[in-house]
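Each chain is listed here by its residues.
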Amino acid sequence: MTVPSPRRLALAESMASYTTVRTGGPAEFFTRCGTAEELVEAIAWASDGQHALHILGSGSNLLVADEGVSGLVIKLDGELARIEISGPQVTCGGGARLPSVAAKAAAAGLSGIEFGVSIPGTVGGAVRMNANAYGGDLARTLDWVDVVTAAGVERRLPDSFDFGYRRSNLKEGEVVSGAGFTLGPADPETAKLALAGLREQRKETQPWGVKTFGSTFKNPDKEASGGRSSGQLLDAAGCRDLRIGGAGFSEKHANFVINHGDATTADVVSVMAEGRRRVFEAFGIELEPEVQTLGPVQIPEDWGWGA
Ligand SMILES: Cc1cc2nc3c(=O)[nH]c(=O)nc-3n(C[C@H](O)[C@H](O)[C@H](O)COP(=O)(O)OP(=O)(O)OC[C@H]3O[C@@H](n4cnc5c(N)ncnc54)[C@H](O)[C@@H]3O)c2cc1C
């Protein structure tokens, strides 16, 4: 059986503008899906044509290969990016943006997802990455997650994701189309002030308004690193503002790689490799990347990626 092409199928769409670091080449095929039915159809089309399937959120933790990505890249919008609030229940599409979820919840007098205000990703990306910040925890308020595959939609419970530090057990080709949260009560004004406070805290400690994917490396095991974060290790190894080509570690936060204007993904990988080399030489610690890849990103042979 041949499945019809997804609606709005684009060829050779540049992926750089769909990521926050703004590097990388085009996707062979790209489409937006606004409903679960469109999503199932697009996944079936990719599987029928033996095209690799990739899912893109806000691209805030993503490094796209300069030579592009073969297969189909899907972005969620429409119904799959909705945010609905009913009493303490918040229902979101997988493509809903976390800062918007946090803001809407606060305005509705709900507490528990404030940390999302400083994470520029989607609900789907947050489930996949088990995103959190400032002691907030996605799993604490998550009730259920809808996962779409070629077989259709399946509702899963948080326990089934085996969440760990910046990881879940979601497999390639499994797409988070929606999630439900139950939040606690809060005074809307107090909740809005809490969000403003978190935004300020971010601006003080991290580069703001720049092209980056946030933390480059996961924080290493505390025992091995003497409690130092990746940023502290990179800083101590002389990586603050280290630049290669158009990319460099931030002067403000050494674990953030910044695209200074014309960086390629190859530049970003070179900066990461040099940072990783210096930290290993100085402290014997092998940093593990937090950022995810799309397409054949050229990784130096001597280090694993998220292994
Ligand atoms: C300035 C800045 C600050 C940040 N601060 C934090 C922080 O404090 N805490 C934190 O945890 N992260 C932080 N991040 C990283 C990033 O925002 C999170 O990892 C976020 O959860 C990624 O979501 P996304 O939608 O952008 O996913 P993308 O970057 O688009 O994708 C990341 C991964 O998730 C997968 N994915 C995306 N959507 C779906 C879906 N619907 N279903 C299945 N898989 C999907 C992708 O295939 C990919 O493997 C920061 C990033 C930036 C740029």
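Just so you know, these numbers come straight off a predicted model, no measurement behind them.

Thresholds, definitions, all that
Residues numbered from 1 in each chain as written. Predicted model: local features only at pLDDT ≥ 70, side-chain atom pairs only at ≥ 80, totals over all residues. Helix = DSSP H or I, 4+ residues; strand = E, 2+ residues; numbered from the N terminus. Rg over C-alpha atoms; globule rule 2.2 N^0.38 Å. Buried ≥ 20, exposed ≤ 12 C-beta atoms within 10 Å, placed from the backbone. Contact = placed C-beta atoms within 7 Å. Arc of directions from axis to C-beta. Expected span 1.5 Å × (residues − 1). Pairing = 2+ DSSP bridges. Axes fitted to C-alpha atoms, helices over the stretch in contact; angles between N-to-C directions. Near = placed C-beta within 6 Å. Domains from an automatic or database assignment. Parallel < 35°, antiparallel > 145°, perpendicular 65-115°, else oblique.

Asker: How would you explain the overall build of the protein chain if you had to name every residue and give the values?
Answerer: Each helix and strand in the protein chain was counted, giving 8 helices and 17 strands. In terms of overall size, the protein chain behaves like a compact globule, its C-alpha atoms giving a radius of gyration of 19 Å where 307 residues would be expected to give roughly 19 Å. With 307 residues in all, the protein chain has 44% of them scored as buried. Counting contacts in the protein chain only where the partners sit at least 6 residues apart, residues at least 24 apart contribute 65% of the total.

Asker: Describe helix α2 (residues 98–107), with residues and values.
Answerer: Those residues of α2 lying buried are L98, V101, A102, A105 and A106. Viewed along the axis of α2, the buried residues span an arc of 125°, placing them on a single side of the element. Those residues of α2 that are buried lie in contact with β6 (83–86), β7 (89–93), β8 (110–111), α3 (123–129) and α5 (188–205). After α2 finishes, the residue G109 shows a positive phi value of roughly 75°.

Asker: Please set out helix α8 (residues 265–283) residue by residue, giving values where relevant.
Answerer: The end-to-end C-alpha distance of α8 is 27 Å, a good match for the 27 Å that 19 residues give at a rise of 1.5 Å each. Taken residue by residue, α8 has T265, D267, V268, V269, V271, M272, G275, R276 and V279 as its buried positions. On its buried face, α8 sits against β4 (62–64), α7 (230–236), β14 (243–244), β15 (247–249) and β16 (256–259).

Asker: Got a sec to walk through the sheet that holds strand β10 (residues 152–156)? Specific residues and values, please.
Answerer: Strands belonging to one sheet form pairs held by backbone hydrogen bonds; the direction of such a pair is parallel or antiparallel. The strand order β6-β7-β11-β9-β10 describes an open sheet built from 5 strands, whose pairing is antiparallel. In the strand order of this sheet, the two ends are held by β6 and β10, each with one partner. Each adjacent strand pair in this sheet contributes to an overall mean axis angle of 15°, direction not counted. Strand direction decides the pairing type here: β6 and β7, joined by 4 bridges, are antiparallel. For I85, the partnering residue across the bridge sits in β7 and is V90.

Asker: Could you give me a rundown of the site of the ligand, with the residues and numbers involved?
Answerer: G57, G121, G124, G125 and G214 are the nearest of the 31 residues found near the ligand. If you list the elements that add at least two residues to the shell around the ligand, you get β3 (53–56), α3, β11 (175–182) and β13 (211–215). Top element by residues in the shell around the ligand is α3. It accounts for 5 residues.

Asker: Describe in detail the domain arrangement of the protein chain, supporting the description with residues and values.
Answerer: As far as domains go, the protein chain holds domain 1 (10–78), domain 2 (81–191) and domain 3 (207–294). Relative to domain 2, the C-alpha centre of domain 1 lies at a distance of 21 Å. Facing 18 residues of domain 1, the contacting portion of domain 2 comprises 19 residues. Elements that contribute at least two residues to the side of domain 1 that touches domain 2 include exactly α1 (36–48), β3 and β5 (69–76). With 6 residues, the single largest contributor to the side of domain 1 that touches domain 2 is α1.

Asker: Summarise the packing of α2 against α5; cite the residues concerned and give the values.
Answerer: Their axes nearest at 7 Å, the elements α2 and α5 cross at an angle of 155°. Regarding the angle of α2 to α5, the classification is roughly antiparallel. On α5, the residues that touch A102, A103, A106 and A107 of α2 are P188, A191, K192 and L195.

Asker: Could you give me a rundown of the pairing of β11, with the residues and numbers involved?
Answerer: In terms of burial, β11 is largely enclosed, as 6 of its 8 residues are buried. Both β7 and β11 contribute to a ladder of 5 bridges, which runs antiparallel. Looking at the pairing, C92 lines up with A179 of β11. As judged from the 6 bridges shared by strand β9 (residues 142–149) and β11, these two strands associate in the antiparallel manner. Bridge pairing links D146 to G178 in β11.

Asker: Which residues make up the pairing of β10, and what values do they have?
Answerer: As a general feature of sheets, a regular strand has side chains that alternate between the two faces. Bridge count for β9 against β10 is 5 bridges, and the pairing is antiparallel. From the neighbouring strand, V145 faces β10, where its bridge partner is R156. Linking β9 back to β10 in an antiparallel pair, the connection comprises 2 residues.

Asker: Could you give an account of unusual backbone geometry, naming the residues involved and the relevant values?
Answerer: With phi around 55°, A12 is a residue other than glycine that occupies positive phi space. Assessed through the 11 C-beta atoms surrounding it within 10 Å, A12 is described here as exposed.

Asker: I'd like a rundown of the sheet that holds β5, residues and numbers included.
Answerer: Taken together, 4 strands build an open sheet; the order of strands is β1-β2-β5-β3 and the sheet is mixed. At either margin of the open sheet sits one strand with a lone partner, and together these are β1 (10–14) and β3. With strand direction ignored, the average angle separating the axes of adjacent strands in the sheet is 45°. As paired strands, β1 and strand β2 (residues 26–33) are joined by 4 bridges and run antiparallel to one another. Residue pairing in the sheet places E13 in a bridge with A27 of β2.

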